[in-house]
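Structural description and commentary
Each chain is listed here by its residues.
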Amino acid sequence: MKLPDLTELALRNLRESLLRNSLTTIGISVGVASLVAMLSLGIGLQQLASRRLMKSGLFDTVVVTSRRDLRNFGRDDERNAPAPGESRILDEPTREEIERLPNVLEAYPDIRFITELRYDDKPHLTTIAALPASAKSNDAFETVQGQFFSSDTAPEAILQKAFAEELLGKTPRRGLDETNVKELAAPLLGKELIMRYAQREPAPGTPAPDGKNAASEDQPLAGAAYSVVSREQKLKIIGVADLDPESMRGPTRARVFLPLGLAESLHVMQPTDLRETSRAATDQPLYSAVSVRVKDPSKIQAVEDAVKKMGFNAFSILDASKSIQQFFSVLDVFLGIFGSLALAVAFIGIVNTLVMAILERRREIGIMKAIGASDGDVKKLFFAEAGAMGILGGVIGVALGWAIGQVINLGTNIYLKSQSFPPEHFWSVPLWLVAFAVLFSFLVSLAAGLYPAARAARLDPVQALRYE
Amino acid sequence: MNDAAASAPAIHAEQLCRHYRMGETLIRAVDGITLTVRAGEFVALLGSSGSGKSSVLNLIAGLDRPTSGSVIVNDRDLAQLSREDLAHYRLHTVGMVFQSFNLIASMTLAENVELPMRFAEVDRGKRDSLAREALTRVGLQARMNHRPSELSGGEQQRAALARALINRPKLLLADEPTGNLDSRTGTEIMNMVREFNQELGMTVVMVTHERSLAERYAQRLIFLADGKLVGEESNSPVTAHASTEGGRA
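Residues numbered from 1 in each chain as written. Chains lettered and ligands numbered in written order. Predicted model: local features only at pLDDT ≥ 70, side-chain atom pairs only at ≥ 80, totals over all residues.

Our focus in this paragraph is the overall build of chain A. If you tally the helices and strands in chain A, you get 13 helices and eleven strands. Sorting the 468 residues of chain A into buried and exposed places 41% on the buried side. Intrachain contacts of chain A at a sequence separation of at least 6 include 84% that bridge at least 24 residues. (Helix = DSSP H or I, 4+ residues; strand = E, 2+ residues; numbered from the N terminus. Buried ≥ 20, exposed ≤ 12 C-beta atoms within 10 Å, placed from the backbone. Contact = placed C-beta atoms within 7 Å.)

Below, the structure written as structure tokens:
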């Protein structure tokens, strides 16, 4: 029998026992809804966690530090690497070398320092970091109040919301949402900050840089000198960011951001300068860390490995997210199993309905066989009925699961709002889950139809025709 | 009808047996029957209840398989056919009508009539016109969209006849076709069967317990008792015109 005929006959048969078949289909829907609800919760939570990590802006970034910096992030490879004292230093040629690595978008020096900022004649001590122009596309600045730097050397500053609160003398609150950031930004945008900082200047008589910047092992230490001068720089507040672009960095996170070009031109004294005085006494910079942006997050590991091979420490959020992904995979499996339990009950429902249908339609099956239906035709007809219930149940189930998700999302967000937390999306029903759920429901229903279909096909037509 | 075609055997059963076991008892429903039906012949199987006439018909229809012996229809031994081939045989070679009509209650007459064509994978457009044509032939063109429960017994049996003929089979098997009908309606149905036999050259095997009915229509009467063939008579059926008059009388 052709597929359209088969489908037409199957739907007609389903309509004949409308109540029973509807109840069975509802059973399947509940099963699918439970599966979709469980899996979409798992996916939603995973996406929430990923989103949080993405918002850190460092999903595509590898932070490179010299092994000479003993405060390094990653210590795993220390045993296999040269001793810190014998390791390479992180300077401009090295940065350029890293930038030339495959899959690297850019490598920029990590300039950060703790210094004093004056606002309204009041001193505030904080960590300042420099941002490259490319940081504009960082998720963290998507919701920035105000604007991003007008140029790479503009004397402008973007504040992190916590520092904005400090400037305004407000107590930080939990769950600050966009409106609050807007309120915070309004009185600050366009205002002036005065930054006091320590500038490093090469001392008169210091040999000119030889192009290598760093002294080689056998170079004498004598003659290395520089002076440190206190300077002031006026900065215009142009933006307030509610998200933290550097959440990965923990205690070294900055609260005020400057354009990278400006920060480099200021020659601010860095903590590494003192430690490496003997090696770099010129005005050529020595970096405490270099941030490497990778073209594609999937290339993170390759770049990390390449940097480590060069003899540096490398750290990326990937290291942290790997274990999170593993956790969610396990969670998804468990949620899937629990969700499938209801579908297993629906499976038995389908078997029961179809076995009942065979008893009821015994004579009809006999007639069909007498007028030429093959075993295959009868089998396919029962399969089609099971499959139709499966697809219909799957579609209704997905809609039901989605609705359950929306209700729980709504409820959770009402609770979060009452607790002054920003709203979150815990529930996610991606398109592949919709397709998977309907397909799974269809396959489960076909599997449930296996036994009844085989039984119907085996019916002896002579016996079936005698049945009243 | 030409004589050569008429003399060729359409059905040949040889030592045909169908035994059932019911607990310890062996029931010999068909017990060593040998018979031949020529192409285009109208044969009646007569016997009392339990004589095995319906069992023989089921074996010829390919609905059942013999315990031993053979049924050869159009040079093919049904006992040797696979289940799939038997279904194909029932679909294309045999048309069946039953005492209880056996129309599918949830379908309209048109749907019932076109059901064998669905199994034969005939195109929808062709199916519709053939079903209409068949129902018109049995005088039910006005009842095409009615369900069987909305029709009289005679109308239902006419629809069953239309369904039996829809795939143009060579063999029409009728199991007590007038058993549930009054005599006038029964005559109407039997006249149609004879028309198909004579005009379309279909071989007809009819099971009945009414000797008078058999004598009116069949060319040969075969008598069964206790699963065995106990007698055979040639018969000269009354003419189509005379039987119509008789039916109206």
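Turning our eyes to something else, we now look at the overall build of chain B. When its secondary structure is counted, chain B shows nine helices and ten strands. Burial status across chain B gives 47% buried among its 249 residues. Intrachain contacts of chain B at a sequence separation of at least 6 include 70% that bridge at least 24 residues.

A separate point is the nonpolar core. Ranked by size, the top nonpolar core spans 126 residues in total, and within it Val-36 of chain A together with Ile-60, Leu-135, Ala-162 and Leu-173 of chain B carry the most contacts. Here this core gets eleven residues from one element, more than from any other, and that element is helix 2 (residues 18–55) of chain A. Setting aside anything within four residues of it in sequence, one finds Leu-173 of chain B in contact with Leu-57, Ile-60, Ala-61, Val-94, Met-96 and Val-205 of chain B. Of all hydrophobic cores here, the second largest spans 57 residues; its members include Val-62, Ile-111, Leu-235 and Leu-266 of chain A. (Core = buried A, V, L, I, M, F, W, Y, C linked by C-beta atoms within 7 Å.)

Take the pairing of strand 8 (residues 226–241) of chain A next. On a regular strand, each side chain points to the face opposite its neighbour's, so the side chains alternate between the two faces of the sheet. All names here are of chain A. When strand 5 (residues 145–146) meets strand 8, the two strands line up antiparallel, connected through two bridges. Each bridged residue has a counterpart across the sheet, and for Gly-146 the counterpart in strand 8 is Gly-239. By the bridge criterion, five bridges tie strand 6 (residues 156–160) to strand 8 in an arrangement that is parallel. Residue pairing in the sheet places Leu-159 in a bridge with Val-240 of strand 8. Pairing of strand 7 (residues 192–202) with strand 8 involves eleven bridges; the strand directions are antiparallel. (Pairing = 2+ DSSP bridges.)

Turning to helix 12 (residues 431–458) of chain A, a few remarks are in order. Taking 1.5 Å as the rise per residue, helix 12 of chain A with 28 residues should run 40 Å; its terminal C-alpha atoms sit 40 Å apart, in good agreement. The largest bend along helix 12 of chain A measures about 40° and falls at Leu-450 of chain A, with the proline Pro-452 of chain A one to four residues further on. (Expected span 1.5 Å × (residues − 1). Bend = angle between axes of the 7 residues up to and from the residue.)

In this section: the packing of helix 4 (residues 109–119) of chain B against helix 6 (residues 153–165) of chain B. Residue and element names in this part refer to chain B. In the contact formed by helix 4 and helix 6, the axes pass within 7 Å of each other and the chain directions differ by 25°. When the interaxial angle is binned, helix 4 and helix 6 end up roughly parallel. Viewed along their axes, helix 4 and helix 6 form a crossing whose handedness is right-handed. Between helix 4 and helix 6, the residues in contact are Leu-109, Asn-112, Val-113 and Pro-116 and Ala-159, Ala-162 and Arg-163, respectively. For the contact of helix 4 with helix 6, the per-class residue count stands at five nonpolar, one polar and one charged. (Axes fitted to C-alpha atoms, helices over the stretch in contact; angles between N-to-C directions. Parallel < 35°, antiparallel > 145°, perpendicular 65-115°, else oblique. Left-handed = near helix turned anticlockwise from the far one by under 90°. Nonpolar A, V, L, I, M, F, W, Y, C, P; charged D, E, K, R; others polar.)

On to the sheet that holds strand 9 (residues 220–225) of chain B, then. Residue and element names in this part refer to chain B. Sheet architecture is open: six strands sit in the order 6-7-8-3-9-10, paired in mixed fashion. Strands at the two margins of the open sheet, each flanked by one partner only, are strand 6 (94–97) and strand 10 (228–234). Averaged over neighbouring strand pairs, the angle between their axes works out to 20° when direction is ignored. Pairing of strand 3 (residues 42–46) with strand 9, which is carried by four bridges, proceeds in the parallel orientation. Considered in strand 9, the bridge of Leu-46 is made with Phe-223. Its contacts with the sheet put helix 6 on strand 6 and strand 7 (171–175), and the angle it makes with strand 6 is roughly 170°.

Residues and elements named next belong to chain B. The four strands are arranged 2-1-4-5 in an open sheet whose pairing can be described as antiparallel. Bordering the open sheet on either side are strand 2 (25–38) and strand 5 (76–77), each of which pairs with just one other strand. Two strands pair when backbone bridges link them, and strand 4 (residues 68–73) and strand 5 are joined in this way by two bridges, in the antiparallel orientation. When the sheet's bridge partners are listed, Ile-72 is paired in strand 5 with Asp-77. Contacts between helix 2 (residues 53–61) and the sheet are confined to strand 1 (9–22), strand 2 and strand 4, with strand 2 contributing the most and set at about 60° to the helix.

What follows covers the interface of chain A and chain B. Each partner contributes residues to the interface: chain A has 17 residues there, and chain B has 19 residues. Of all the elements in the fold, those that place two or more residues in the side of chain A that touches chain B are helix 1 (3–16), helix 10 (362–370), helix 11 (375–418) and helix 13 (461–466) of chain A. The residue inventory of the side of chain A that touches chain B, partitioned by class, reads eight nonpolar, two polar and seven charged.

Residue and element names in this part refer to chain B. Scored by pLDDT, chain B has a mean of 88; 93% of the residues are at 70 or more. Contacts for the low-pLDDT stretch residues 245–249, under 50 throughout, to residues beyond four places or in other chains number five contacts. Under the prediction, the complex receives an ipTM of 0.90, its pTM being 0.65. (pLDDT = per-residue confidence, 0-100.)

The next thing to look at is the packing of helix 1 of chain A against helix 11 of chain A. Each packed pair of helices is defined by two parameters, the angle between the axes and the distance between the axes. Residues and elements named next belong to chain A. Across the interface, helix 1 lies against helix 11 with an axial gap of 9 Å and an inter-helix angle of 70°. Here helix 1 lies roughly perpendicular to helix 11, going by the angle between them. Seen along the crossing, helix 1 lies across helix 11 with a hand that is right-handed. In this structure, helix 1 contributes Leu-6, Thr-7, Leu-9, Ala-10, Leu-11, Asn-13 and Leu-14 to the contact, and helix 11 contributes Lys-380, Leu-381, Ala-384, Glu-385, Ala-388 and Met-389. Grouping the amino acids of the contact of helix 1 with helix 11 by side-chain chemistry returns nine nonpolar, two polar and two charged.

Residue and element names in this part refer to chain B. Backbone geometry places Asn-74, a non-glycine residue, at a positive phi of 50°. Within the secondary structure, Asn-74 sits in the loop between strand 4 and strand 5. Notably, Asn-102 is not glycine yet its phi reads approximately 55°, a positive angle. Its place among the elements puts Asn-102 in the loop between strand 6 and helix 4.

All names here are of chain A. Mapped onto the fold, Val-429 is located in the loop between helix 11 and helix 12. For Val-429, a count of 20 C-beta atoms within 10 Å puts it in the buried group. When residues no more than four places from it in sequence are discounted, the contact partners of Val-429 are Val-36, Ser-40, Gly-401, Trp-402, Gly-405 and Val-434.

Position of Ala-454 of chain A relative to the elements: it lies in helix 12. Considering only alpha carbons, one finds Ala-454 of chain A and Asp-375 of chain A, 79 residues apart in sequence, at a separation of 8.5 Å.

Residues and elements named next belong to chain A. Burial in helix 3 (residues 92–99) covers these residues: Thr-94, Arg-95 and Ile-98. In a view along the axis of helix 3, the buried residues occupy a sector of 100°, so they form one face of it. Of the surrounding secondary structure, the elements contacted by the buried residues of helix 3 are strand 1 (61–66), strand 2 (104–109), strand 10 (289–294) and helix 8 (300–309). (Arc of directions from axis to C-beta.)

Moving on to the pairing of strand 4 (residues 122–131) of chain A. Residue and element names in this part refer to chain A. Two strands pair when backbone bridges link them, and strand 3 (residues 112–119) and strand 4 are joined in this way by eight bridges, in the antiparallel orientation. Across the sheet, the residue bridging to Arg-112 is Ala-129, located in strand 4. In sequence, strand 3 turns back onto strand 4 through a hairpin of two residues, with Asp-120 there showing a positive phi of about 60°. As paired elements, strand 4 and strand 9 (residues 256–259) share four bridges and run parallel to each other. Of the residues in strand 9, the one forming a bridge with Ala-130 is Leu-258.

Glancing now at the environment of Leu-181 of chain B. For Leu-181 of chain B, the position within the fold is in the loop between strand 7 and helix 7 (183–199). Once residues lying within four places of it in the same chain are set aside, the contact partners of Leu-181 of chain B are Gly-153, Gly-154, Gln-157, Gly-186 and Ile-189 of chain B.

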